Amino acid sequence: MSLTDSTPTATTTAVNPTVQVPEPPVRGRVAHGGFVHGILTNKKALFGLAILVVFALLALLAPLLAPGNPSDFGPEASLAPSGNHLLGTTSKGQDVLALTLWGSRSSLTVGFTVGIAATFIGCLVGIASAYFGKAIDEVLSLLTNIFLLIPGLPLLVVLAAFLPPGPATVVIVLVITGWAGSARVLRSQALSLRSKDFVAAAVVTGEKAWRIMFREILPNMASIVMSTLLGCVIYGIGAQAGLEFLGLGDTGSVSWGTNLYWANNDGALMTGDWWVLLPSGVAIAVVAFALAMINYAVDEITNPRLRVEKKG
Amino acid sequence: MVFLLRRLGFYVIAFWACITLNFFLPRLMPGDPVSRMFSQVQSQMRPDQVDALRRLFGLDDRPLWEQYIAYIGKIFRGDMGISLSRFPSPVSEVIGSQIGWTLLLGGTSLIIAVILGNFLGILAAWRRGKFLDSVFPPLLIFVGSFPYFWLAMAALYLFGITLGWLPLSHAFSTGLSPSFSLKYINDVAAHLILPALTIVLVSIGGWMLGMRNTMIATTAEDYITMARAKGLRPARIMFQYAARNAMLPSVTSFGMSLGFVVGGALLTETVFAYPGIGYQLLTSVQALDYPLTQGIFLTITAAVLAANFLVDIIYVRLDPRVRVS
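Residues numbered from 1 in each chain as written. Chains lettered and ligands numbered in written order. Predicted model: local features only at pLDDT ≥ 70, side-chain atom pairs only at ≥ 80, totals over all residues. Heavy atoms only, no water.

### A closer look at the overall build of chain A
Point 1. When helices and strands are tallied, chain A shows 12 helices and 0 strands.
Point 2. Counting every position in chain A, which comprises 312 residues, the buried fraction comes to 57%.
Point 3. Accessible surface, chain A as shown: approximately 13,100 Å² in total, 67% of it carbon and sulfur. (Helix = DSSP H or I, 4+ residues; strand = E, 2+ residues; numbered from the N terminus. Buried < 20%, exposed > 50% of the residue type's maximum accessible area, 1.4 Å probe, protein only. Areas by Shrake-Rupley, 256 points an atom, 1.4 Å probe, with all protein chains shown as cover.)

### Here's the deal with the confidence of the model for chain B
Residues and elements named next belong to chain B.
Point 1. With 91% of its residues at a pLDDT of at least 70, chain B reaches an overall mean of 82.
Point 2. Element-level mean pLDDT values for chain B span from 63 in helix α2 (residues 33-41) up to 91 in helix α9 (residues 222-230).
Point 3. This prediction of the complex comes with two scores: 0.81 for pTM and 0.80 for ipTM. (pLDDT = per-residue confidence, 0-100.)

### Here's the deal with the pattern of salt bridges
Point 1. The full count for this structure, using the stated rule, is 5 salt bridges over all chains.
Point 2. We note a salt bridge from D137(A) to R187(A), for which the minimum N-O separation is 2.8 Å. In this pair, D137(A) sits in helix α5 (residues 134-149) while R187(A) sits in helix α7 (residues 167-194), placing the two residues 50 residues apart along the sequence.
Point 3. Classification of D137(A) by relative accessible area gives buried; the value is 13%.
Point 4. For R187(A), a relative accessible area of 24% corresponds to the partly exposed category.
Point 5. Across the pair D133(B) and R212(B) runs a salt bridge, and its minimum N-O distance is 2.6 Å. (Salt bridge = Lys/Arg side-chain N within 4 Å of Asp/Glu carboxyl O.)

### Brief notes about the nonpolar core
Point 1. One finds I217(A), F149(B) and M153(B) to be the most contacted residues of the largest nonpolar core, which totals 148 residues.
Point 2. It is helix α12 (residues 274-302) of chain A that contributes the most residues to this core, 19 residues altogether.
Point 3. Once residues within four sequence positions are removed from consideration, F149(B) is found in contact with A241(A), G242(A), F245(A), L260(A), L267(B) and V271(B).
Point 4. Of all hydrophobic cores here, the second largest spans 28 residues; its members include A124(B), I204(B), I216(B) and I237(B). (Core = buried A, V, L, I, M, F, W, Y, C linked by side-chain atoms within 4.5 Å. Contact = heavy atoms within 4.5 Å.)

### A short note on the packing of helix α5 (residues 91-126) of chain B against helix α12 (residues 290-318) of chain B
Residues and elements named next belong to chain B.
Point 1. α12 packs onto α5 with a crossing angle of 55° between their chain directions and a minimal axis gap of 10 Å. With respect to their mutual orientation, α5 and α12 come out oblique. For the pair α5 and α12, the sense of crossing is right-handed. Residue-level contacts link V91, V94, I95 and I99 of α5 to P291, L292, G295, I296 and T299 of α12. (Axes fitted to C-alpha atoms, helices over the stretch in contact; angles between N-to-C directions. Parallel < 35°, antiparallel > 145°, perpendicular 65-115°, else oblique. Left-handed = near helix turned anticlockwise from the far one by under 90°.)

### Considerations on the environment of S280(A)
All names here are of chain A.
Point 1. Mapped onto the secondary structure, S280 falls in helix α12.
Point 2. C-alpha separation for the pair S280 and G103, spaced 177 residues apart in sequence, amounts to 8.0 Å.
Point 3. Contact partners of S280, with chain neighbours within four places excluded, come to T100, W256, N259 and L260.

### So, the environment of S227(A)
Point 1. By the element assignment, S227(A) lies in helix α10 (residues 222-245).
Point 2. When the C-alpha atoms of S227(A) and A98(A) are compared, they prove to be 32 Å apart, with 129 residues separating the residues in sequence.

### Topic: the packing of aromatic side chains
Point 1. Taken as a whole and assessed by the stated rule, the structure comprises 21 aromatic pairs over all chains.
Point 2. Seen from their ring centres, Y131(A) and F132(A) are 5.0 Å apart, and the 80° between their planes marks the pair as edge-to-face.
Point 3. Of the residues examined, Y131(A) reaches a relative accessible area of 11% and is grouped as buried.
Point 4. On the basis of relative accessible area, F132(A) is assigned to the partly exposed category, the value being 38%.
Point 5. A network of ring pairs unites the aromatic residues F47(A), F289(A), F142(B), F146(B) and W150(B) as a single cluster. (Phe/Tyr/Trp six-rings, centres within 6.5 Å; stacked < 30°, edge-to-face > 60°.)

### So, the side chain of T100(A)
All names here are of chain A.
Point 1. Mapped onto the elements, T100 comes out in helix α4 (residues 96-132).
Point 2. Assessed through its relative accessible area of 13%, T100 is described here as buried.
Point 3. Of the polar contacts made by the side chain of T100, one reaches the backbone oxygen of V96; its length is 2.7 Å.
Point 4. The residues contacting T100, other than those within four sequence positions of it, are L87, W256, N259, P279 and S280. (Polar contact = N/O pair within 3.5 Å; in protein donor to acceptor, adjacent residues only side chain to side chain.)

This is the structure:
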């Protein structure tokens, strides 16, 4: 939880550090096209990508599909889903469909921002740790392990309690609690690349450290970076929802988390307005599932052991 | 031994980092959370208590390092200040009265999830591509995709409100006082089922997939082929040969997932108004009760670190390679 720990949403195989890391493909042998081809011919990946594209479109088109401010109160309160309001209305008369559509904007933006930022920091720390080794590795690994061990959600709550509320705070807090898991996975992968000949050759030719790290090592672990990114985005979306559900996020904005927060606060459960709670939760789950499916596919493509043998 | 000492050193550093974070957070925050907190309680406190609080949050004139040393000293004496929302109980007392519920909820669900998840993982890897292996992983990933608290609310709505099978909130019925009677224990168990069920549902997928993947690697080893060639019973190969060796990563994740369970318990406890420290953490934040917030955070961290150290000790027993190197 997601949050949260280990990295809170480390339920997917790729983020799980215990899974055997596949041998990194050596440059040239597996062309970049092989990976893209693998993704585009993998059913799970296509399924996940299709769902993501649909959600991205809905988020972009929210102002057209549901014009006006979605949180404005309306006269028709607590209506069950019908032709007028496809997903019903809240006890304040807001249209649930509009809230869900608009909510996807904040949730997806924050989720992807957090995911990208956390993966970036993870890359930086993990690769630097593996490349420089010795004291730098000791210090960075120590830092990573401390952040991995501190329980994520309680830390999230404490940080959110002290920082001034707002959208930036949510992102910062989620990145602080989310980067360590990716740093650990990326470090172990970078470590195995560090001992390869082409890195040694680059060092001997006198290439600059940052160039070796980001132009030589990084491209060769693209698939691991990719699955870490997906894991971090799942974490970001889930953790934002959790934080906002607790009322510690940016309660003024419209996101899937705040929708659920208000639904719970207005007692939607007790009055039996299940339709207010359903859409945002399902949306989070479907997006997370789509990302997990892509992740699963990336795993299968890069780790042949996990592929089910084809018969015949 | 060297391994354990190294680990112990690491946990001490990690705990120190948490204390330091706790110390600096209220002092470095923009705005003034501390005076906000004071404005609501000042009237009901004695002057010396206000003074103690001021010191705890750095509103005194001593130099920073002196405050810091005094702060660490206090923590190690177990003095985390006085709770504001439950005035005048000390923070440690409030935590002590509630940690049991979290341990009960978190412990029960963790143990069930670990045993069931690993068992399913072993079976799935053993019968690659069969029913269990093809249906459960995607299904569990899907269930695991739902936010913790949302599943909790769904379970609450379905089994608590609509069907009325199980109680809606709290750890035991009002009017019942804690005792060792059968009635009380049954009541506690009934209140435990829904929150525990949601935690198990969300976390079981990770255990199953992790175990499945290591198990697949293990079953490809030569000694498994050898065991088969010797004609050992499949169940014996599966559990005593393959699963036994595939178990190690699960032991490591057990330690790691403790923090996750505490976090998950926080959300679940909130939905069910379960009186554990997770729920208390949230209420303390809402009530601007910073001493209690920080005390709970430190307690949770200390518990997770201690549990991880225990896992390390077990690990040394289980894996001879650690002892040798």
